[in-house]
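# Structural description and commentary
Chain by chain, the residues:
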Amino acid sequence: MALKLAERMREIAPFRVMAILEAARAREAAGRDVIHLEVGEPDFATPPAIVEAGRRALAEGQTFYSAAQGLPELRCAISRWYAERYRVDVSPARILVTPGASGALMVALALLVGDGDEVVMADPTYPCNRHFVSLYGGTPVSLPAGPESCYQLTAPMLAEAWGARTVAAMVASPANPTGGVLSAAEIQALAEVCRDRGGALIVDEIYHGLTYGCDAASALQVADDALVINSFSKYFQMTGWRLGWLVVPEALVEPATRLAQNLYLCAPAPAQAAALAAFEADTIALLEERRAEFARRRDFLVDALPRLGWKLPVVPDGAFYLYADVSAVTDDSLAYCARILEEADVAITPGLDFGQHRANTHVRIAYTTGVDRLAEAVERIARLG
């Protein structure tokens with residue numbers, strides 16, 4: 001007899017980009033040369049100083065559980081990062097080190113969301129944001145957001161959508177899939193709407209550090225009561241180490257720690273020890289060189305993609321994605337992406353992964369490979385006609 005799945009599984013859609021990645025790898029295994037522009041993972045290796053710190057941690061036997069909140073020295077290092085980079089005082093006591101940003105999101109939503117509660121977010125957005133709300137019995141309320149708001153949720157949109165069951169709003173800056181960045185004033189306005197209605201603002205800042213021509217404001221500069229998610233994966237290029245962090249208001253430290261103790265015990269101890277080297281001056285200098293390379297890739301694609309009939313209504317200021325309007329060439333982005341992989345050996349992601357609003361006419365491109373490969377990808381797609 002087949003097992004009956006929990007009702008919540010009806011709300012968890014497949015992550016299409018992973019199916020595309022699997023198909024792309026199958027083509028590579030068959031000898032094809034595939035250009036990967038689908039997965040949001042930097043192509044740069046973890047900086048050497050971080051790797052060496054991880055090796056030392058393993059050699060020294062740092063393989064036991066840490067405290068649920070994380071290594072005290074790492075939480076202090078993150079606190080100093082906020083002081084030096086953002087000129088904001090964040091007590092280490094408010095910082096929880098988590099197994100990736102996903103662990104931080106899991107704790108944040110578990111703190112706030114009960115059965116039937118609503119969390120407002122933009123459409124398009126990172127799909128796990130919706131799915132985690134559903135996992136906790138809540139209802140994600142996705143508001144269509146287009147180029148006129150840089151694909152971001154705005155305070156007026158949030159105020160109009162706020163209902164009797166709304167408990168929080170969630171935004172990302174820089175955002176996945178669009179690369180859009182919220183200004184400090186925009187974050188402050190969103191926080192005021194949440195505060196006035198007795199709700200919380202959750203801000204995903206995992207692409208902080210990856211901005212081009214501007215700096216991303218941290219929500220903690222203008223909204224000390226926000227719940228802020230960050231990660232060592234993107235700017236610090238530690239994806240496989242599975243390490244992130246969550247900053248919570250002081251009143252939520254105890255329940256957040258209690259959740260961490262029960263949900264995952266602690267983040268990986270060797271990864272935490274390795275991450276201490278992420279804040280060293282030489283590491284930051286290397287990461288800044290790599291950020292400049294991401295900027296060159298973005299600028300190349302901004303110039304090249306219109307050749308394909310693709311439109312970029314907004315040039316993104318952050319992350320490493322372009323969210324392109326392909327309505328001039330297709331009204332079925334899923335089939336279009338499948339064709340591009342099948343006929344051009346280029347893997348990109350359909351807009352359907354990120355919501356419903358104009359999803360059939362948008363694709364996401366991750367510029368996580370060099371300009372030479374980006375140029376080859378554009379040429380291959382152009383040859384499709």
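We now turn to the structure provided with this report. (Residues numbered from 1 in each chain as written. Predicted model: local features only at pLDDT ≥ 70, side-chain atom pairs only at ≥ 80, totals over all residues. Heavy atoms only, no water.)

Take the overall build of the protein next. For the protein, the count of helices and strands is twelve helices and twelve strands. Over its C-alpha atoms the protein spans a radius of gyration of 21 Å, differing by no more than 12% from the 21 Å that the globule rule assigns to 385 residues. Across the 385 residues that make up the protein, the buried fraction comes to 55%. Within the protein, contacts between residues at least 6 apart in sequence are counted, and of these 74% link residues at least 24 apart. Surface summary for the protein: the accessible area is close to 16000 Å², and the carbon and sulfur share equals 53%. Counting 34 positive and 47 negative side-chain charges, the protein places the centres of these two groups 3 Å from one another. (Helix = DSSP H or I, 4+ residues; strand = E, 2+ residues; numbered from the N terminus. Rg over C-alpha atoms; globule rule 2.2 N^0.38 Å. Buried < 20%, exposed > 50% of the residue type's maximum accessible area, 1.4 Å probe, protein only. Contact = heavy atoms within 4.5 Å. Areas by Shrake-Rupley, 256 points an atom, 1.4 Å probe, with all protein chains shown as cover. Lys, Arg positive; Asp, Glu negative; His and termini not counted. Charge placed at Lys NZ, Arg CZ, Asp CG, Glu CD.)

Now for unusual backbone geometry. Residue Asp123 is joined to Pro124 through a cis peptide bond whose omega torsion reads 25 degrees. Checked against the element boundaries, Pro124 lands in the loop between strand E3 (118-123) and helix H5 (127-135). With an omega of -10 degrees, the peptide bond running from Ser173 to Pro174 counts as cis. Along the chain, the position of Pro174 falls in the loop between strand E5 (166-172) and helix H7 (184-196). The backbone of Gln237 sits at a positive phi, close to 60 degrees, despite the residue not being glycine. Following the sequence through the fold, Gln237 ends up in the loop between strand E7 (227-231) and strand E8 (244-247). A positive phi angle, close to 55 degrees, is found at Arg358, a residue other than glycine. In this structure Arg358 comes out as partly exposed when scored by relative accessible area, which is 44%.

Across the sheet, seven strands lie side by side as E2-E8-E7-E6-E5-E3-E4; this open sheet has mixed pairing. Each edge of the open sheet is held by one strand with a lone partner, namely strand E2 (95-98) and strand E4 (139-144). The average angle at which neighbouring strand axes cross in this sheet is 20 degrees, direction not considered. One ladder, built from five bridges, connects E5 with strand E6 (residues 200-204); its direction is parallel. (Pairing = 2+ DSSP bridges. Axes fitted to C-alpha atoms, helices over the stretch in contact; angles between N-to-C directions.)

What follows covers empty space enclosed by the protein. As enumerated under the stated definition, the model contains five cavities of 30 Å³ or more in all. In this structure, the largest cavity encloses a volume near 100 Å³. Forming the walls of the largest cavity are 15 residues, and the residues nearest its centre are Ala122, Pro124, Thr125, Gln152 and Ala172. Only E3 and E5 provide two or more residues apiece to the lining of the largest cavity. Broken down by element, the lining of the largest cavity gets its largest block of residues, three residues, from E5. A breakdown of the residues in the lining of the largest cavity according to their chemical character gives ten nonpolar, five polar and no charged. Quantified by volume, the second largest cavity comes out at close to 60 Å³. Lining of the second largest cavity is provided by Trp81, Arg85, Tyr86, His208, Gly209, Asn230, Ser231, Tyr235, Phe236 and Trp245. (1 Å grid on protein atoms, 1.4 Å probe; cavity = no way out; pocket = protein on both sides within 12 Å on 5 of 7 lines; lining within 4 Å. Points joined across faces, edges and corners; volume = space filled by probe spheres on them. Nonpolar A, V, L, I, M, F, W, Y, C, P; charged D, E, K, R; others polar.)

The next point concerns the pattern of salt bridges. Inspection of every chain in the model, using the stated rule, returns 21 salt bridges. Arg27 is the partner of Asp345 in a salt bridge, and the nearest nitrogen-oxygen pair spans 2.7 Å. One end of the pair, Asp345, is in the loop between helix H11 (333-344) and strand E10 (346-347); the other, Arg27, is in helix H1 (residues 16-29), and 318 residues separate them in sequence. With respect to class, Asp345 is no different from Arg27; both count as buried. Among the ionic pairs, Glu52 bridges to Arg55, the shortest N-O distance being 3.5 Å. Of this pair, Glu52 and Arg55 both sit in helix H2 (residues 48-59), three residues apart, which is roughly one turn of that helix. (Salt bridge = Lys/Arg side-chain N within 4 Å of Asp/Glu carboxyl O.)

This part is about the layout of surface pockets. Of the volumes computed, that of the largest pocket is approximately 760 Å³. The wall of the largest pocket is formed by 34 residues, among which Val39, Gly40, Glu41, Tyr126 and Lys234 lie closest to the centre. Counting only elements with at least two residues in the lining of the largest pocket, the list comes to H1, helix H4 (100-112), H5 and E7. Along the wall of the second largest pocket there are 15 residues; nearest its centre are Glu11, Ala13, Arg130, His131 and Gln356.

Strand order in the open sheet formed by three strands is E9-E12-E11, and the pairing between neighbours is antiparallel. Bordering the open sheet on either side are strand E9 (321-325) and strand E11 (349-350), each of which pairs with just one other strand. Relative to strand E12 (residues 362-366), E9 runs antiparallel, the two being bridged by five bridges. Note on E12: the bridge partner recorded for Leu322 is Ile365.

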